[in-house]
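# Residue-level structural notes
Each chain is listed here by its residues.
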Amino acid sequence: MKNLMNIHDANITGILIEGEKNIRLILEGSAKKTLIFTNAIRMKIDNFQMGNILLDISILNDLSTHTELCNSLCFLYDIEAHELQNEWAKAVIKKIESKSLIIVELIESCGAHGAILCEAYAEKSG
């Protein structure tokens, strides 16, 4: 698991979906930053409100975080843990194992929580 640096206490000012595949998360804090999630497959954000403060972003792309990975997949697809044994879920997990997909987990204030399943992410300042 990898945590993105310099995002703690950033304010989420926008979420843009580009071309039905790319997601831009616009943050303002000590500096303005945009996180770009490429070829997004699925996104879920619960309890999102304007003005939510971003506490942490974790990139789940290895099996050292197996429990977090399973929890995030269950959240993302609204399934129970036993459903991760289904063939489609095993295929998603295999793609994460091979590093062709990642899960990005967003922890926000006010009880908001989010996850994005995508191929890659990038950070852009300004």
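So, here's what we can say about the structure. As the structure is a computational prediction, the values presented were derived from the model and not from experiment.

The next point concerns the environment of I15. Take I15: it is sitting in strand β2 (residues 10-18). Between the C-alpha atoms of I15 and L25, which are ten residues apart in sequence, the distance is 4.7 Å. Ignoring anything within four residues of it in the chain, the contact list for I15 reads I23, R24, L25, M43, I45 and F48.

Moving on, we come to the nonpolar core. Judged by nonpolar contacts, the single largest core of 18 residues is most densely connected at L73, Y77, L84, V92, I96, I103 and L117. At the level of elements, α1 (66-77), α2 (87-97) and β8 (113-118) are the ones that each hand at least two residues to this core. Not counting the four nearest positions on each side in its chain, I103 is found in contact with S58, I59, L60, L69, S72, L73, I96, A115, I116 and L117. Judged by nonpolar contacts, the second largest core, of 15 residues, contains I57, V104, I116 and C118.

This brings us to the state of the cysteines. Scanning the entire structure with this criterion turns up zero disulfides. No disulfide involves C74; its sulfur sits 6.6 Å from the nearest other cysteine sulfur, which is in C70.

Here α2 has its buried residues at A89, V92, I93 and I96. One side of α2 holds all its buried residues, which, seen down the axis, span an arc of 95°. Facing away from the buried side of α2, by more than 90 degrees, are the exposed residues E87 and K94. Taken from the residues just after α2, K99 is the one with a positive phi, measuring 70°.

One pass over the structure, following the stated rule, counts three salt bridges. With its nearest N and O atoms 3.1 Å apart, the salt bridge here joins K33 to E123. Of this pair, K33 sits in strand β4 (residues 32-38) while E123 sits in strand β9 (residues 120-125), and the two are 90 residues apart along the sequence. We classify K33 as buried; its relative accessible area is 12%. Residue classification places E123 among the partly exposed residues on the basis of a relative accessible area of 40%. Across the pair D78 and K44 runs a salt bridge whose closest N-O atoms are separated by 2.3 Å. Linking D78 in the loop between α1 and α2 with K44 in strand β5 (residues 42-46), this pair joins segments that are 34 residues apart in sequence.

Next up on the list: the packing of aromatic side chains. Geometrically, a pair of aromatic rings is defined through the distance of the ring centres and the angle of the planes. On inspection of all chains with the given rule, the structure shows one aromatic pair. Lying across the ring of F75, K44 places its NZ or CZ 4.4 Å from the centre.

Turning our attention to the side chain of E105. Tracing the chain through its elements places E105 in strand β7 (residues 102-108). Comment: no salt bridge for buried E105; closest opposite-charge side chain is K44, at 11 Å. In terms of polar contacts, E105 uses its side chain to reach the side chain of S72, at 3.0 Å.

What counts and what doesn't
- Residues take numbers from 1 onward in each chain, read along the sequence in its written order.
- Under the rules for a predicted model, residues below a pLDDT of 70 receive no local features and side-chain atom pairs below 80 are neither given nor counted, while totals for whole chains, interfaces and linings still include all residues.
- Processing note: side-chain calculations cover all non-hydrogen atoms of the structure and skip hydrogens and water entirely.
- Where helices and strands are cited, they refer to DSSP runs of H or I of at least four residues and of E of at least two residues respectively, numbered from the N terminus.
- Contacts are residue-level and defined by heavy atoms, with any inter-residue pair within 4.5 Å sufficient.
- In this text, buried Ala, Val, Leu, Ile, Met, Phe, Trp, Tyr and Cys residues form a nonpolar core when linked through side-chain atoms within 4.5 Å.
- Categorising residues by exposure relies on relative accessible area from a 1.4 Å probe, with only protein chains included: less than 20% of the type maximum marks a residue as buried, more than 50% marks it as exposed, and the intermediate range marks it as partly exposed.
- Cysteine sulfur atoms are paired as a disulfide whenever they come within 2.5 Å of each other.
- Arc definition: directions from the helix axis to the C-beta atoms.
- A carboxyl oxygen of Asp or Glu within 4 Å of a side-chain nitrogen of Lys or Arg is what we treat as a salt bridge.
- Note on aromatic pairs: the rings of Phe, Tyr and Trp (six-membered ring only in Trp) are paired at centre separations within 6.5 Å, and the planes decide the class, stacked below 30 degrees, edge-to-face beyond 60, tilted for the rest.
- Only when the NZ of Lys or the CZ of Arg is both within 6 Å of the ring centre and within 35 degrees of the ring normal is a charge said to sit over the ring.
- By the counting rule applied here, Lys and Arg register as positive and Asp and Glu as negative, while His and the ends of each chain are not counted.
- Two N or O atoms form a polar contact when they lie within 3.5 Å of each other; inside protein one atom must be a possible hydrogen donor and the other a possible acceptor, and for residues adjacent in sequence the pair counts only when both atoms belong to side chains.

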